[in-house]
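Secondary and tertiary structure notes
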Amino acid sequence: MFGAHVNVTDGRYVYMRAPVKPGNKPLYEYTLMPTHHGGGRAFISMEELKTVELADPFDFTKGLKTLKINSNGWHQIDYHPFGTMLFDLENDPYQENPIDDQVVDEEMKRKMVKLMLENDAPKEQYTRLGLEDIKEDINI
């Protein structure tokens, strides 16, 4: 779901990273069409269009800039209170009991950042998820 946890698994562990601050910011939608990608593909409102910026291209947009839309108006859920969760699938296949293991947590954060870098995640996602320091530490 847009703006929710960002998740990664290595087959043994599932790591669900929550926004680090209340308010779930910064959070933007990027699109080549002036519509939201949610349920009904609703057009972007005039008020939202007044705040739209052109963003630098992503790898997958093949050189095209996208509309960068602040999620203030239509995305109201704050996932911060749910917190970050780590599950051990071997001992908890239904993911009912989060574990606290700092070594695995750090390893999964690094895996997440590596995948985010490989997939051209927007820069502000590292801020939203509190992963800027790890991003600087990983070279791809």
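First things first, this report covers the structure right here in the doc.

Cut-off values and rules
Residues numbered from 1 in each chain as written. Predicted model: local features only at pLDDT ≥ 70, side-chain atom pairs only at ≥ 80, totals over all residues. Heavy atoms only, no water. Pairing = 2+ DSSP bridges. Helix = DSSP H or I, 4+ residues; strand = E, 2+ residues; numbered from the N terminus. Axes fitted to C-alpha atoms, helices over the stretch in contact; angles between N-to-C directions. Buried < 20%, exposed > 50% of the residue type's maximum accessible area, 1.4 Å probe, protein only. Lys, Arg positive; Asp, Glu negative; His and termini not counted. Salt bridge = Lys/Arg side-chain N within 4 Å of Asp/Glu carboxyl O. Polar contact = N/O pair within 3.5 Å; in protein donor to acceptor, adjacent residues only side chain to side chain. Contact = heavy atoms within 4.5 Å.

**Examining the sheet that holds strand β2 (residues 13–17)**
- A sheet is described by the order of its strands in space; here three strands give the open sequence β1-β2-β6, paired in antiparallel fashion. The strands lining the two open edges of the sheet, one partner per strand, are β1 (6–9) and β6 (85–88). Taken over all neighbouring pairs, the strand axes of this sheet differ in orientation by 10° on average, direction set aside.
- In terms of strand pairing, β2 meets β6 through four bridges, oriented antiparallel.

**Observations regarding the side chain of R17**
- Looking at where R17 falls in the secondary structure, it is placed in strand β2.
- No salt bridge forms around the buried R17; measuring N to O, its nearest opposite-charge neighbour D105 is 4.9 Å away.
- Separated by 2.8 Å, the side chains of R17 and Y15 make a polar contact.
- If near-sequence neighbours (up to four positions away) are discounted, R17 is found in contact with H5, V6, N7, T84, K109, M112, L129, G130 and L131.

**Examining the pairing of β2**
- Across the five residues that make up β2, a large majority, five, are buried.
- Side chains of β2 alternate between two faces, with Y13, Y15 and R17 and V14 and M16 buried alike.
- The pairing of β1 with β2 spans four bridges and is classified as antiparallel. Within β2, the position partnered with T9 by the bridge is V14.
- Hairpin geometry of β1 and β2 is characterised by an intervening segment of three residues between the two adjacent antiparallel strands and by a positive phi of about 95° at G11.

**A closer look at unusual backbone geometry**
- Note that the residue after K25, namely P26, is joined by a cis bond; omega there is -5°.
- Within the secondary structure, P26 is located in the loop between β2 and β3 (28–31).
- Even without being glycine, Q95 reaches a positive phi, approximately 55°.
- By secondary structure assignment, the location of Q95 is in the loop between β6 and α2 (102–118).
- Despite not being glycine, D120 has its phi angle at roughly 60°, a positive value.

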